[in-house]
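Tertiary structure, described
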Amino acid sequence: MSKFEKSEWAEEGHAKQFLENADIYILERQRLFEILKSFYRYFLRNKINKRPIKLLDLGCGDGALTREILKEDPEIEATLVDGSAEMLKNAKEHLESHPNFIFIEKTFQELLEDESRGNDIIGDGFDFVVSSLAIHHLHTEEKKSLFSYIYGHLNFGGFFLNIETVKAPEDELESWYRVLWGEWIRENQENMDSPANFEYLPEKYKNNPDNHADALNTQLNALESIGFQQVDCYYKYGIFTIFGGKK
Ligand SMILES: C[S@@+](CC[C@H](N)C(=O)[O-])C[C@H]1O[C@@H](n2cnc3c(N)ncnc32)[C@H](O)[C@@H]1O
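Rules used in this analysis
- Residues numbered from 1 in each chain as written.
- Predicted model: local features only at pLDDT ≥ 70, side-chain atom pairs only at ≥ 80, totals over all residues.
- Helix = DSSP H or I, 4+ residues; strand = E, 2+ residues; numbered from the N terminus.
- Rg over C-alpha atoms; globule rule 2.2 N^0.38 Å.
- Buried ≥ 20, exposed ≤ 12 C-beta atoms within 10 Å, placed from the backbone.
- Contact = placed C-beta atoms within 7 Å.
- Near = placed C-beta within 6 Å.
- Nonpolar A, V, L, I, M, F, W, Y, C, P; charged D, E, K, R; others polar.
- Pairing = 2+ DSSP bridges.
- Right-handed = clockwise from strand over helix to strand, strands pointing away.
- Core = buried A, V, L, I, M, F, W, Y, C linked by C-beta atoms within 7 Å.
- Axes fitted to C-alpha atoms, helices over the stretch in contact; angles between N-to-C directions.

**Description of the overall build of the protein chain**
Summing up its helical and strand segments, the protein chain has 9 helices and 7 strands in all. Relative to its length of 247 residues, the protein chain is compact, with a C-alpha radius of gyration of 17 Å against a globular reference of 18 Å. Each principal axis of the C-alpha distribution contributes one length, and for the protein chain these read about 45 × 40 × 35 Å. Looking at the protein chain as a whole, 36% of its 247 residues qualify as buried. Taking as baseline every contact in the protein chain between residues at least 6 positions apart, the subset at least 24 positions apart corresponds to 69%.

This is the structure in structure tokens:
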């Protein structure tokens with residue numbers, strides 16, 4: 001089983017580094033957010049009549065996804081989960097004007113253990129479950145268990161959307177995708193006039209023992225076999241994807 005406590009995300013410094021620099025090196029991060037918001041408008045805000053729409057943000061970091069969705073719908077009711085106390089502190093600060101939001105410091109592994117012991121504290125009845133760049137830290141079977149957990153916590157008609165890195169089907173493709181990512185980082189740094197240089201990151205990502213990305217097809221098949229519908233990859237650029245499905 002993967003251990004959050006042994007991962008770099010358990011280090012305060014790593015969380016800070018991500019929060020300060022994610023826009024520089026996460027490939028097309030702003031585009032990912034725009035697609036997330038379009039998805040929210042189309043499938044949730046404009047289709048579901050009930051209010052408030054209930055959101056669950058898994059591996060929320062500083063609440064970046066929840067804050068984007070709030071721009072589309074200030075009435076949402078959000079539950080944010082992260083294994084990192086540092087990240088949750090930042091999320092609470094950013095979202096302090098929403099005292100009804102629930103913040104839970106738990107790892108995904110703990111959520112699954114709690115559920116298996118009949119001690120699930122997340123509650124159910126979510127309309128939208130989102131996650132970004134967090135679930136690839138779990139091993140394949142843990143991912144499948146988390147996808148089932150998500151399905152179990154969604155309302156019928158609700159959606160799961162995962163912004164995530166995936167493993168390419170062939171090593172040669174994976175190698176090019178890393179080059180492609182590095183090229184994007186270089187271009188983005190120039191556009192942002194960034195003094196920092198993160199072109200080394202794709203290689204670091206490859207060698208990082210905390211990353212357990214699975215092939216896109218494995219994950220889409222897992223979602224389908226759990227019962228999700230409208231399962232698809234909604235966006236892809238190298239190893240960066242957005243995929244999900246509807247309950
Ligand atoms: C790359 S950050 C992304 C944060 C945020 N979703 C975003 O896109 O800005 C990954 C987040 O997942 C959290 N995380 C990683 N592994 C986790 C696990 N096993 N359980 C819970 N949270 C985890 C980290 O603490 C971190 O906040």
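Here the narrative resumes, following the displayed structure.
**With respect to the site of the ligand**
If you check the shell around the ligand, you find 20 residues, and the closest are Gly59, Gly61, Gly83, Ser132 and Ala134. Elements with a contribution of two residues or more to the shell around the ligand: α1 (12-25), α3 (64-72) and α5 (108-116). Residues belonging to the shell around the ligand are distributed by class as follows: 11 nonpolar, 8 polar and 1 charged.

**Details of the pairing of strand β3 (residues 102-105)**
Bridge count for strand β2 (residues 77-82) against β3 is 4 bridges, and the pairing is parallel. Opposite Leu80, over in β3, you have Phe103 as the bridge partner. The parallel pair β2 and β3 is bridged by helix α4 (residues 85-94), and the resulting crossover is right-handed.

**Observations concerning the nonpolar core**
In this structure, Leu55, Phe128 and Val129 are the most contacted members of the largest nonpolar core, which totals 47 residues. Those residues in contact with Phe128, other than ones at most four positions away along the chain, are Tyr40, Leu44, Ile53, Leu55, Gly158 and Phe159. Listed in part, the 9 residues of the second largest apolar core include Tyr25, Val166, Tyr177 and Trp181.

**Comments concerning the pairing of strand β1 (residues 54-58)**
With 5 of 5 residues buried, β1 lies mostly within the body of the structure. Neither face of β1 is open: one carries Lys54, Leu56 and Leu58, the other Leu55 and Asp57, and all of them are buried. The pairing of β1 with β2 spans 5 bridges and is classified as parallel. Looking across to β2, one finds that Asp57 is bridged to Leu80. Chirality of the crossover, the property in question, places the unit of β1, α3 and β2 among those that are right-handed. Relative to strand β4 (residues 126-132), β1 runs parallel, the two being bridged by 4 bridges.

**Concerning the sheet that holds strand β6 (residues 229-237)**
Sheets are built from strands that pair by backbone hydrogen bonding, the pairs being arranged parallel or antiparallel. The strand order β3-β2-β1-β4-β5-β7-β6 describes an open sheet built from 7 strands, whose pairing is mixed. Looking at the sheet topology across the chains shown, the edges are occupied by β3 and β6. For this sheet the average axis-to-axis angle between neighbouring strands, irrespective of direction, equals 15 degrees. Here β6 pairs with strand β7 (residues 240-246) via 6 bridges, running antiparallel.

Fair warning: the whole summary comes from geometry, so function is off the table for now.
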